[in-house]
Amino acid sequence: MSDFEGLSALVTGGASGIGRATARLLAERGARVAVLDLETSTVDKPLLAYRADVADDASVRAAVAAVVADLGGLDVLVNNAGIGAQGTVEDNDDAEWHRVLDVNVVGMVRTARAALPHLRASAHAAIVNTCSIVATAGLPQRALYSAAKGAVYSLTLAMAADHVREGIRVNCVNPGTADTPWIGRLLDATDDPVAERAALEARQPTGRLVSAAEVAGAIAYLASPLSGATTGTSLAVDGGMQGLRLRPVRP
Ligand SMILES: NC(=O)c1ccc[n+]([C@@H]2O[C@H](COP(=O)([O-])OP(=O)(O)OC[C@H]3O[C@@H](n4cnc5c(N)ncnc54)[C@H](O)[C@@H]3O)[C@@H](O)[C@H]2O)c1
């Protein structure tokens, strides 16, 4: 399938996990793809790498300008870069709240702000934000991370309204627990990674973690010109975690 033929895409956080799978999928489907990340040594052809920090406005502006110059324009922005946080409201200090909101929320604002003038020139402009199930379901020990993703969810709706008449669609994906290096790091930090992984798998009705490729497929669906009537939506990619209520399995 080559629905992205002739289009240019920028994926933030595209050096790892969901972003990496997305960048590769968009390239397979015909797009010229740029990756913006803090660390770009793992980014290989045909992807183009741009080192930048979404928490630093100047570096984002410089990277987006370079991407547009190199690719000749920009049609798709995937706002995916993000960091985690654990604990209740008692566990993170103000500096940590500011840091996580700065990367996970304002980071998306910075890239969108830099990209919008170029997206307006596209006949197939789309922004897809990587949100999370924590925006729509209360999970324990995720107060700060949930507040950030809740903001991403609302930001997606507001941006969709602001830019619909400019021909720019804005949607988000809400993954459940996805099997990426991020989750690997979280599991490695626990006393019993095997038991912890089993608990995370059991939390999803499908009984397994979501794959990065499955989230990438949903992002590509929303970004594709084939989805021209879809804006202001969130697409759950969570193994049924948000929508289903199963009876416990009897031993
Ligand atoms: N893995 C999950 O279970 C899960 C679930 C729901 C949502 N998400 C979201 O998916 C997105 C990607 O997560 P992942 O699991 O692939 O993580 P990951 O850690 O594998 O990849 C994240 C990438 O973002 C980059 N990044 C982090 N901070 C950055 C910054 N300031 N500037 C530029 N790049 C930066 C990292 O270098 C890394 O390459 C995040 O927004 C995360 O919140 C993940």
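Residues numbered from 1 in each chain as written. Predicted model: local features only at pLDDT ≥ 70, side-chain atom pairs only at ≥ 80, totals over all residues. Heavy atoms only, no water.

Q: Outline the overall build of the chain, supporting the account with residue identities and numerical values.
A: Secondary structure assignment for the chain yields seven helices and nine strands. The C-alpha atoms of the chain give a radius of gyration of 18 Å, which matches the 18 Å a tight globule of 251 residues would have. C-alpha atoms of the chain, sized along the principal axes, occupy 55 × 40 × 35 Å. Long-range pairs, those at least 24 residues apart, make up 70% of the contacts in the chain with a sequence separation of at least 6. Counting only carbon and sulfur atoms, one obtains 55% of the accessible surface of the chain, whose full area is about 11700 Å². Averaging the positions of the 22 positive and the 27 negative side-chain charges in the chain gives two centres separated by 6 Å. (Helix = DSSP H or I, 4+ residues; strand = E, 2+ residues; numbered from the N terminus. Rg over C-alpha atoms; globule rule 2.2 N^0.38 Å. Contact = heavy atoms within 4.5 Å. Areas by Shrake-Rupley, 256 points an atom, 1.4 Å probe, with all protein chains shown as cover. Lys, Arg positive; Asp, Glu negative; His and termini not counted. Charge placed at Lys NZ, Arg CZ, Asp CG, Glu CD.)

Q: Would you mind going over the sheet that holds strand β6 (residues 168–175) in detail, with residue names and values included?
A: One open sheet accounts for seven strands, arranged β3-β2-β1-β4-β5-β6-β9; its pairing is parallel. On the outer flanks of this sheet lie β3 (48–51) and β9 (234–237), each paired with one strand and no other. When strand polarity is set aside, the average angle formed by the axes of neighbouring strands in this sheet is 20°. Direction of pairing for β6 relative to β9: parallel, over a ladder of four bridges. Among the inter-strand pairings, proline 175 is bridged to a residue of β9, identified as valine 237. Seen against the sheet, helix α2 (residues 57–71) touches β1 (8–12), β2 (32–37) and β3 and runs at an angle of roughly 160° to β3. The sheet strands contacting helix α4 (residues 143–163) are β5 (125–130), β6 and β9, and the helix crosses β6 at an angle near 160°. (Pairing = 2+ DSSP bridges. Axes fitted to C-alpha atoms, helices over the stretch in contact; angles between N-to-C directions.)

Q: So, the pattern of salt bridges: which residues are in play, and what are the values?
A: Tallied over the entire structure, the rule returns 10 salt bridges. Of the charged contacts, one joins aspartate 44 and arginine 24 as a salt bridge, the two residues approaching to 3.4 Å between their closest N and O atoms. Of the two residues, aspartate 44 sits in the loop between β2 and β3 while arginine 24 sits in helix α1 (residues 17–28), which places them 20 residues apart along the sequence. When its relative accessible area of 39% is taken as the criterion, aspartate 44 is described as partly exposed. (Salt bridge = Lys/Arg side-chain N within 4 Å of Asp/Glu carboxyl O. Buried < 20%, exposed > 50% of the residue type's maximum accessible area, 1.4 Å probe, protein only.)

Q: Run through the site of the ligand, naming residues and quoting values.
A: Neighbouring the ligand are 29 residues, the closest being Ser16, Asp37, Tyr145, Ala178 and Thr180. Contact between the ligand and lysine 149: an oxygen atom at 3.0 Å from a side-chain N or O atom of the residue. Expressed as a share of its isolated accessible area of 830 Å², the protein-covered part of the ligand is 93%. Of all the secondary structure elements, the ones that give two or more residues to the shell around the ligand are α1, α4 and α5 (181–188). Among the elements that take part in the shell around the ligand, α5 stands out by supplying four residues, more than any other. The class makeup of the residues in the shell around the ligand is 15 nonpolar, 10 polar and four charged. Looking at the shell around the ligand, you find at least three residues from each of domain 1 (8–175 + 211–237) and domain 2 (178–209). (Near = heavy atom within 4 Å. Polar contact = N/O pair within 3.5 Å; in protein donor to acceptor, adjacent residues only side chain to side chain. Nonpolar A, V, L, I, M, F, W, Y, C, P; charged D, E, K, R; others polar. Domains from an automatic or database assignment.)

Q: A description of the domain arrangement of the chain should follow, citing residues and the corresponding values.
A: Each assigned domain of the chain is listed with its residue range as follows: domain 1 (8–175 + 211–237) and domain 2 (178–209). The gap between the C-alpha centroids of domain 1 and domain 2 is 24 Å. Each side of the interface is counted separately: domain 1 has 13 residues, and domain 2 has eight residues. Taking both sides of the interface into account, the surface hidden between domain 1 and domain 2 amounts to around 730 Å²; carbon and sulfur atoms contribute 62%. It is Leu139, Ser211 and Glu214 in domain 1 that bury the most area against domain 2; as a group they hold 34% of the surface buried on that side. For the interface between domain 1 and domain 2, the tally reads one salt bridge. Among the ionic pairs, arginine 208 bridges to glutamate 214, the shortest N-O distance being 2.7 Å. At the junction of domain 1 with domain 2, the criterion picks out one residue pair in polar contact (both at pLDDT 80 or more). Elements represented by at least two residues in the side of domain 1 that touches domain 2 include exactly α1 and α7 (212–223). The residue inventory of the side of domain 1 that touches domain 2, partitioned by class, reads five nonpolar, six polar and two charged. (Buried area = accessible area lost by both parts, 1.4 Å probe.)

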